[in-house]
Amino acid sequence: MVFQRKNGRNHRTRNMLVVTLLIFPTLILSACSGNSDNNNNAEVNSSNNKNTAFKVVIDPGHGGKDNGATGASGQYEKRFTLSLSKKVEKLLEQESEMEVFMTRTDDSFISQESRYRPKYANKLNADVFVSIHGNTFSNPSVSGTETFYYHNNSRQFAQMLQKHVVEATGFRDRGIKKKDLFVVRDTEMPAALIEVGYLTNPADESEMRTDDLQSRVAASIVEGIKEYKEQSDEQGFLNGVF
């Protein structure tokens, strides 16, 4: 009887081992499938985030052999616009709901005839376009900040940018103006061209070349973009409800 009980226990042990060996591969497959689903979901969420990001195109004016305005100090506008634009880019990269693109990131020449700047923004299906410049005039006493737009759907965007940039510069508020400039005319999204200040005005230029003012202006441009985005989101929600 003792031998039969031991033999019975051995038989049950073998049965449990067989069952375990049958179940174990199933558990492994299930776990792998679960990880695959999680990975797929992560990929979908990442893709959705990219698709829903608010796309901002920053356009540093001029570049390469196109120097732009020559400031009172003899320095070129193209250096100012690129320096300021990179500061804007850096701040926008910290905004989780926004995606930033630059028409140029170095001293590259971009032909006006090619219409590359607006075409680039249109191809990206950008949400807003901001072209950054420094102004010029024959009279060195002329000063101030102004913003240009062309299409009616860009007017509100231009107003918001102008308000914030003027607060940052402290320069005379020269307002917003409708003007037939190809970078704001040929873009299919709200677009504005900011003339931060007059490089031909010695006082304006000396401030515009400093990191301090450029950092303030960069932050103000980002604030203007964020305000416009928030208002657009609210209007979109209201339109959806009513």
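Look above for the structure.
Residues numbered from 1 in each chain as written. Predicted model: local features only at pLDDT ≥ 70, side-chain atom pairs only at ≥ 80, totals over all residues. Heavy atoms only, no water.

A.B. asks: What exactly am I supposed to notice about the overall build of the chain here?
C.D. replies: Each helix and strand counted, the chain has seven helices and six strands in total. Taken from N to C terminus, the helices and strands of the chain fall in the order α-β-α-β-α-β-β-α-β-α-β-α-α. Counting all 242 residues of the chain, 39% fall into the buried class. In the chain, once contacts between residues fewer than 6 apart in sequence are set aside, the share between residues at least 24 apart is 80%. Of the roughly 13,700 Å² of accessible surface on the chain, 52% is carried by carbon and sulfur atoms. (Helix = DSSP H or I, 4+ residues; strand = E, 2+ residues; numbered from the N terminus. Buried < 20%, exposed > 50% of the residue type's maximum accessible area, 1.4 Å probe, protein only. Contact = heavy atoms within 4.5 Å. Areas by Shrake-Rupley, 256 points an atom, 1.4 Å probe, with all protein chains shown as cover.)

A.B. asks: What is the right way to look at the environment of Leu 84 in this model?
C.D. replies: Mapped onto the fold, Leu 84 is located in helix 2 (residues 77–92). Taking the C-alpha atoms as reference points, Leu 84 and His 133, separated by 49 residues in sequence, lie 9.3 Å from one another.

A.B. asks: Can you help me understand the packing of aromatic side chains in this one?
C.D. replies: The geometry of an aromatic ring pair is captured by the separation of the ring centres together with the interplanar angle, meaning the angle of the planes. Under the defined criterion, the tally for this structure stands at two aromatic pairs. Ring geometry for Tyr 116 versus Tyr 120: centroids 5.5 Å apart, planes at 25 degrees, classification stacked. Here Tyr 116 pairs with Tyr 120, and both are found in helix 3 (residues 116–124), just four residues apart, close to one helical turn. For Tyr 116, a relative accessible area of 35% translates into the label partly exposed. A centroid spacing of 5.0 Å and a plane angle of 55 degrees characterise the contact between Phe 157 and Tyr 228, whose relative ring orientation is tilted. With Phe 157 in helix 4 (residues 155–169) and Tyr 228 in helix 7 (residues 211–241), this pair connects stretches of sequence that are 71 residues apart. Accessibility assignment for this pair places Phe 157 and Tyr 228 in one class, buried. The positively charged end of Lys 65 is found above the aromatic ring belonging to Phe 109, 4.7 Å away from the centroid. Over the ring of Phe 182 we find Arg 115; its NZ or CZ atom is 4.3 Å from the centre of that ring. (Phe/Tyr/Trp six-rings, centres within 6.5 Å; stacked < 30°, edge-to-face > 60°. Lys NZ or Arg CZ within 6 Å of the ring centre and 35° of its normal.)

A.B. asks: When you look at the side chain of Asp 204 in this model, what are you seeing that I'm missing?
C.D. replies: Relative to the helices and strands, Asp 204 resides in helix 6 (residues 202–208). One buried charge, Asp 204, has no salt-bridge partner; the nearest side chain with opposite charge is Arg 174, at 8.1 Å. Side-chain polar atoms of Asp 204 contact the side chain of Ser 143, separated by 2.9 Å. When sequence neighbours within four positions are dropped, the list of residues in contact with Asp 204 reads Ser 143, Gly 144, Phe 171, Gly 197 and Tyr 198. (Lys, Arg positive; Asp, Glu negative; His and termini not counted. Salt bridge = Lys/Arg side-chain N within 4 Å of Asp/Glu carboxyl O. Polar contact = N/O pair within 3.5 Å; in protein donor to acceptor, adjacent residues only side chain to side chain.)

A.B. asks: Help me out: how do you make sense of the pairing of strand 3 (residues 128–135) in this one?
C.D. replies: The side chains of a regular strand alternate, residue by residue, between the two faces of the sheet. Summarising burial for strand 3: eight of the eight residues are buried, a large majority. Burial along strand 3 is two-sided: Val 128, Val 130, Ile 132 and Gly 134 facing one way and Phe 129, Ser 131, His 133 and Asn 135 facing the other are all buried. Sheet topology note: the strand 1 (residues 54–60)/strand 3 ladder contains five bridges and is parallel. The residue bridging Val 56 from the neighbouring strand is Val 128, located in strand 3. (Pairing = 2+ DSSP bridges.)

A.B. asks: What am I meant to see in the environment of Ser 131 here?
C.D. replies: Here Ser 131 lies in strand 3. With a relative accessible area of 0%, Ser 131 lands in the buried category. For the pair Ser 131 and Leu 193, spaced 62 residues apart in sequence, the C-alpha separation works out to 4.5 Å. Those residues in contact with Ser 131, other than ones at most four positions away along the chain, are Asp 59, Val 183, Ala 192, Leu 193 and Ile 194. Among the polar contacts listed, one links the side chain of Ser 131 to the side chain of Asp 59, at a separation of 2.6 Å.

A.B. asks: Teacher, can you tell me more about helix 4 here?
C.D. replies: Note that an α-helix has 3.6 residues per turn; residues three or four places apart therefore point the same way. Counted at 1.5 Å a residue, the expected span for helix 4 with its 15 residues is 21 Å, and the 21 Å between its end C-alpha atoms agrees. Inspection of helix 4 places Phe 157, Ala 158, Met 160, Leu 161, Gln 162, His 164, Val 165, Val 166, Ala 168 and Thr 169 among the buried residues, and these make up the whole buried set. Among the residues trailing helix 4, Gly 170 stands out with phi positive, at a value near 80 degrees. (Expected span 1.5 Å × (residues − 1).)

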